[in-house]
Structures are given as structure tokens and as C-alpha cells.
Amino acid sequence: MQQSPHSRRRFLGLAGGAAAASAIPMVIVRPADATPATLASAIRSVTGGAVVQTGKVKLDIPPLVENGNTVPMTVTVAHPMAAEDHVRSIHVFNEKNPQPNIANFQLGPHNGRAQVSTRVRLADSQRIVAIAKLSDGTFWSATADVIVTLAACTEDVI
Amino acid sequence: MASALINVPPKAKRGDIVEIKTLMSHIMETGYRHTTTGEAVPRDIITSFTCRFNGTEIFRADLFPAIAANPFITFFATVSESGKFEFEWTGDHGFSETASASITVE
């Protein structure tokens with residue numbers, strides 16, 4: 001009787017320790033997916049190492065989605081679309097899908113407004129990055145964090 | 001069978017910016033899924049979407065497996081003359097579909 005609270009405390013302590021120990025490898029061991037390093041290299045392949053400034057781009061995506069299989073997304077660039085000064089392309093990247101690219105959109109002065117919408121798949125809660133390339137060669141970006149309840153892409157075919 | 005849905009306003013004033021909405025029915029199989037027996041399901045996606053207005057390319061998109069099934073893409077176009085928008089989707093396993101929509105500019 002005297003022993004039992006003590007042993008219970010020790011058991012809880014051990015259990016807590018075991019949970020903490022098992023949590024650490026879960027963080028370190030990542031599947032072969034688009035880690036921030038592959039995200040960075042995918043961005044570099046578009047920008048060629050040029051400086052990417054924050055601003056001009058607006059990335060509209062719900063902050064919390066239930067189903068990662070279809071997530072509406074809109075990218076708007078607050079920039080004129082004149083023949084001599086326009087948005088040349090919009091590139092969208094992700095952090096944790098199996099591939100870092102989501103889509104590339106090539107625009108021109110014919111578009112009038114630099115805005116595109118589509119629906120994307122997200123395999124995990126992660127950060128989305130949209131980068132716009134202007135005709136003067138500068139790059140502008142916006143990021144958005146999305147929490148996904150049901151992941152896409154990797155589930156089994158039934 | 002693949003089929004496209006296009007939404008382009010039938011009429012516009014000269015110089016208007018019109019919104020163009022496109023939807024193409026396609027499975028967009030990512031290539032990252034497995035069957036219950038463990039076999040990988042081969043990738044089958046649309047890789048490219050192009051829009052031309054009276055023969056001039058005005059919009060192009062490169063798509064990746066991260067695009068949801070039945071790719072829905074909307075964008076804008078400035079219209080200065082009446083004409084025809086032509087849309088083309090191409091993808092894996094020789095997938096190729098086209099659609100068109102006309103607009104009258106007053």
C-alpha cells in the first residue's frame with residue numbers, strides 16, 4: 001500500500017521519458033519528400049540565385065483545410081500589365097509534398113491582370129511559397145502557412 | 001472520356017479585362033500512390049495547359065502532381081478585338097485535348 005503511489009509515480013515518469021524519447025526520432029526521421037532544402041533548390045532553379053523580395057504578391061489559400069486533395073488557391077500580383085513593364089511568370093512551391101513544385105504560370109501584357117486561381121493538393125500541413133518574376137528581372141514572393149487535416153497524394157488506392 | 005468546361009463571357013467592351021475559367025476532367029494520378037498489393041500506380045497527369053487568342057499565346061501553365069484532379073485554372077485576358085480563345089491540355093501517355101470559345105468585342 002505504501003509502495004503503490006511511489007511505483008505509480010515512477011511508472012509515469014518512465015512512460016513520460018519513453019514518450020519523449022520516441023518523439024525525438026519522429027521529428028528527425030523525415031520521409032523522402034520536398035524538405036526545405038529541395039524547396040530552396042527548386043526556388044533557385046527559377047530565380048537563378050537572384051534576390052527574392054517580399055511583397056507585391058498576394059497568396060490566397062485557406063489557413064485551415066479539411067481535405068488536402070483539393071485546396072483552392074489564388075495568386076495575385078499587384079503590378080501593372082503594360083507591354084514594357086509586366087509580370088512575366090508566377091511560380092508556386094510547397095515544402096512537404098513529394099515534389100517541391102506546384103505550378104508555373106507564364107503571363108504577359110495580354111493578361112491585363114496578374115491573377116491566377118487553381119486547386120492544389122497538399123500532403124501535409126506546410127508552407128506555400130508563391131514567386132512572381134517581373135519583366136525587369138526582379139522577383140517578389142509571398143508565403144502562406146496551411147494546416148491540413150486530411151492529407152492528399154500518398155493514401156492507398158482502394 | 002475527357003471533357004472540358006470553359007467559361008468566357010460572350011461579349012465584352014474593347015479593352016475590357018475578362019476572366020477565363022477552365023476545367024478539364026482528368027484523374028491527375030500523382031505517381032506517389034500504391035495499390036493494396038504494394039505496386040506503385042504510374043503517374044498520369046496533365047503537364048501543360050496553353051491558351052491562345054487568335055493564334056497568339058497569351059497564357060501557359062506547367063502543371064505538377066500537386067494540382068488537384070480535374071484541373072481548374074482561371075486567369076484574365078485583355079480583349080481588343082473579337083476572336084477565338086483556343087485551349088490545349090497535354091499530358092502523360094499522349095493525353096491531348098483542345099477546346100475553344102469565342103468572344104464578341106463591341
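What counts and how
- Residues numbered from 1 in each chain as written.
- Chains lettered and ligands numbered in written order.
- Predicted model: local features only at pLDDT ≥ 70, side-chain atom pairs only at ≥ 80, totals over all residues.
- Pairing = 2+ DSSP bridges.
- Helix = DSSP H or I, 4+ residues; strand = E, 2+ residues; numbered from the N terminus.
- Core = buried A, V, L, I, M, F, W, Y, C linked by C-beta atoms within 7 Å.
- Buried ≥ 20, exposed ≤ 12 C-beta atoms within 10 Å, placed from the backbone.
- Contact = placed C-beta atoms within 7 Å.
- Nonpolar A, V, L, I, M, F, W, Y, C, P; charged D, E, K, R; others polar.
- Expected span 1.5 Å × (residues − 1).
- pLDDT = per-residue confidence, 0-100.

1. Thoughts on the pairing of strand β6 (residues 101–106) of chain A
Reasoning step 1: Direction of pairing for strand β5 (residues 87–94) of chain A relative to β6 of chain A: antiparallel, over a ladder of five bridges. Across the sheet, residue Ile 90 of chain A finds its bridge partner in β6 of chain A, namely Phe 105 of chain A.
Reasoning step 2: Where β5 of chain A folds back on β6 of chain A, the antiparallel hairpin that results is connected by six residues.
Reasoning step 3: One ladder, built from four bridges, connects β6 of chain A with strand β5 (residues 56–63) of chain B; its direction is antiparallel.

2. Focus: the nonpolar core
Reasoning step 1: In this structure, Ile 90 of chain A together with Ile 67 of chain B are the most contacted members of the largest nonpolar core, which totals 55 residues.
Reasoning step 2: It is strand β8 (residues 126–134) of chain A that contributes the most residues to this core, five residues altogether.
Reasoning step 3: In this view, Ile 67 of chain B contacts Ile 102, Ala 103, Thr 118, Val 120 and Arg 121 of chain A together with Met 28 of chain B; residues no more than four positions away in its chain are not counted.

3. A short note on unusual backbone geometry
Reasoning step 1: One non-glycine residue, Lys 56 of chain A, lies in the positive phi region at around 65°.
Reasoning step 2: At Asn 54 of chain B, a position not held by glycine, the phi torsion is positive, near 50°.
Reasoning step 3: Along the chain, the position of Asn 54 of chain B falls in the loop between β4 (46–53) and β5.

4. Thoughts on the interface of chain B and chain A
Reasoning step 1: Taken together, the 28 residues of chain B in the interface contact 30 residues of chain A.
Reasoning step 2: Element by element, the count of residues in the side of chain B that touches chain A is highest for strand β6 (residues 72–78) of chain B, at seven residues.
Reasoning step 3: For the side of chain B that touches chain A, a count of residues per class yields 19 nonpolar, six polar and three charged.

5. Let's talk about the pairing of β8 of chain A
Residue and element names in this part refer to chain A.
Reasoning step 1: For β8, the buried fraction is high: seven of the nine residues fall into the buried class.
Reasoning step 2: Pairing between β5 and β8: seven bridges, direction antiparallel. Looking at β8, one finds that Phe 93 is bridged to Val 129.
Reasoning step 3: Bridging between β8 and strand β9 (residues 139–150) involves eight bridges; their strand directions are antiparallel. The partner of Ala 132 across the bridge, within β9, is Trp 140.
Reasoning step 4: Remark: four residues form the turn of the hairpin made by β8 and β9, two consecutive strands paired antiparallel; Gly 137 in that turn has positive phi of roughly 90°.

6. What to know about helix α2 (residues 36–47) of chain A
Reasoning step 1: Across its twelve residues, α2 of chain A extends 16 Å between first and last C-alpha, which sits within 8% of the 16 Å expected from 1.5 Å per residue.
Reasoning step 2: In the segment just after α2 of chain A, Gly 48 of chain A is the residue with positive phi, at about 65°.

7. A look at the environment of Ser 45 of chain A
Reasoning step 1: Residue position: Ser 45 of chain A is located in helix α2.
Reasoning step 2: Separated by 55 residues in the primary sequence, Ser 45 of chain A and Pro 100 of chain A have C-alpha atoms spaced 11 Å apart.

8. Remarks on the confidence of the model for chain A
Reasoning step 1: When pLDDT is averaged along chain A, the result is 83; 75% of the residues meet or exceed 70.
Reasoning step 2: Counting contacts from residues 18–31 of chain A, a segment whose pLDDT is below 50, to residues more than four positions away or on other chains yields one contact.

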